[in-house]
Amino acid sequence: MVIASSCNRDEVITTQPAPEIILEGDGTYSVMIGEEIRLKPDYRNAEGATFEWRMDEEVVGTERAYVFMSEEVGEYYITLTVTTDAGSDSEEMRIDVTAHETPAIDIAMEDIVVAVGYKQTIMATLRKTEHECEVRWTVNDEEVATDVTTYEFEATEVGTYHIV
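Just so it is clear, the model here is predicted, and its values are computed rather than measured.

Caption draft 1: Highlighting the overall build of the chain. Along its length, the chain carries zero helices and 14 strands. For the chain, the sequential pattern of α-helices and β-strands runs β-β-β-β-β-β-β-β-β-β-β-β-β-β. For the chain, the proportion of its 164 residues judged to be buried stands at 28%.

What follows is the structure, given as structure tokens:
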């Protein structure tokens, strides 16, 4: 019979977690032709990491952040890989290069329930552009308001309403 044992008296054994890339939103960004966009995700467990930014299988950067610019309209895909001794993480980002800055609106609300006769204020955030843009609120495909930031919805009868 053989019995084996070991002892780790003064050494601390730790397992570092693999790095993690944390993107803003879904990893899709928009920029106008000829303008720069700085891609700078947040990271977890990235102490001592190496960074590799690739576009079309070519390494285009090795820093924590990457500045992208294109003189041509199109969709560009960039893959970031972060590597430590504990492992690696990769994320693909899409950059839409447009001829004109595209306005974007965000409504921070999902499905809501409103009792008949009560009002619900819905707030929106509009990314400003150099160009004028028109904003319309619609309920079930009928225009109800043109205020950029808020719409006060009131259910007049029981039902499902589609608000855009």
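Caption draft 2: Inspection of the sheet that holds strand β5 (residues 50-55) at higher detail. Read across the open sheet, the five strands follow the order β2-β9-β8-β5-β6; overall the sheet is mixed. In this open sheet, the two strands that pair with only one neighbour each are β2 (28-32) and β6 (58-61). Adjacent strand axes in the sheet meet at a mean angle of 35 degrees, parallel and antiparallel pairs treated alike. As paired strands, strand β8 (residues 74-84) and strand β9 (residues 87-98) are joined by 11 bridges and run antiparallel to one another. Residue pairing across strands places G74 opposite V97, the latter belonging to β9.

Caption draft 3: Representation of the environment of W137. Looking at where W137 falls in the secondary structure, it is placed in strand β12 (residues 137-139). Under the relative-accessibility criterion, W137 is labelled buried at 1%.

Caption draft 4: Structural view of the nonpolar core. Residues L39, W53 and F68 are the most contacted members of the largest nonpolar core, which totals 21 residues. Of all the elements in the fold, those that place two or more residues in this core are β2, β3 (37-39), β5, β7 (66-68), β8 and β9. Look past the residues within four positions of L39 in its chain and what remains in contact with it is Y29, W53, R64, A65, Y66, I78, M93 and I95.

Caption draft 5: Spotlight on the pairing of β8. Relative to β8, β5 runs antiparallel, the two being bridged by five bridges. Across the sheet, the residue bridging to W53 is L80, located in β8. Count of turn residues in the β8/β9 antiparallel hairpin: two residues.

Caption draft 6: Representation of the layout of surface pockets in the model. Size it by volume and the second largest pocket reaches roughly 310 Å³. Lining the second largest pocket are 15 residues, with E24, G25, T28, Y29 and I37 sitting closest to its centre. Mapped onto the lining of the second largest pocket, the elements with two or more residues apiece are β2 and β3.

Caption draft 7: Inspection of unusual backbone geometry at higher detail. The phi dihedral of E57 falls on the positive side, at around 65 degrees, and the residue is not glycine. Turning to its location among the elements, E57 is positioned in the loop between β5 and β6. At N140, a residue that is not glycine, the phi angle is positive and equals roughly 50 degrees. Here N140 lies in the loop between β12 and β13 (142-145). On the accessibility criterion, N140 (41% relative accessible area) is partly exposed.

Caption draft 8: View of the confidence of the model for the chain. Taken residue by residue, the chain gives an average pLDDT of 82. The fraction at 70 or more is 79%. Element-level mean pLDDT values for the chain span from 68 in strand β10 (residues 104-107) up to 98 in β5.

Caption draft 9: Representation of the pattern of salt bridges. The full count for this structure, using the stated rule, is three salt bridges. For R94, the salt bridge goes to D96, with nearest N and O atoms at 2.8 Å.

Rules used in this analysis
Each chain carries its own residue numbering, running from 1 in the direction its sequence is written. Residue-level local features of this predicted model are given only where pLDDT is at least 70; pairs of side-chain atoms are given and counted only at 80 or more, and the full residue set underlies all totals for whole chains, interfaces and linings. Values reported for side chains reflect all heavy atoms of the structure, with hydrogen atoms and water molecules removed beforehand. Each helix is a run of DSSP H or I of at least 4 residues and each strand a run of E of at least 2, with the numbering of both proceeding from the N terminus. A 1.4 Å probe rolled over the protein chains alone gives each residue an accessible area, and that area as a share of the maximum for its type sets the label: buried under 20%, exposed over 50%, partly exposed in between. A strand pair is defined by DSSP finding two or more bridges across the two strands. The axes used here are C-alpha line fits, helices contributing only the stretch in contact, and every angle between their N-to-C directions lies in the interval 0 to 180 degrees. By nonpolar core is meant a set of buried Ala, Val, Leu, Ile, Met, Phe, Trp, Tyr and Cys residues that side-chain atoms within 4.5 Å join together. A contact between two residues is defined here by any heavy atoms of the two lying within 4.5 Å. Lining residues are defined by having an atom within 4 Å of a point belonging to a cavity or pocket. Those points lie on a 1 Å grid over the protein atoms alone, cavities being sets where a 1.4 Å probe fits but cannot get out and pockets being open sets with protein on both sides within 12 Å along at least five of seven lines. Grid points are joined across faces, edges and corners, and a volume is the space filled by probe spheres set on the points. Within a predicted model, pLDDT stands for the predictor's per-residue confidence, ranging from 0 to 100. Any carboxyl oxygen of Asp or Glu that lies within 4 Å of a side-chain nitrogen of Lys or Arg is treated as forming a salt bridge with it.

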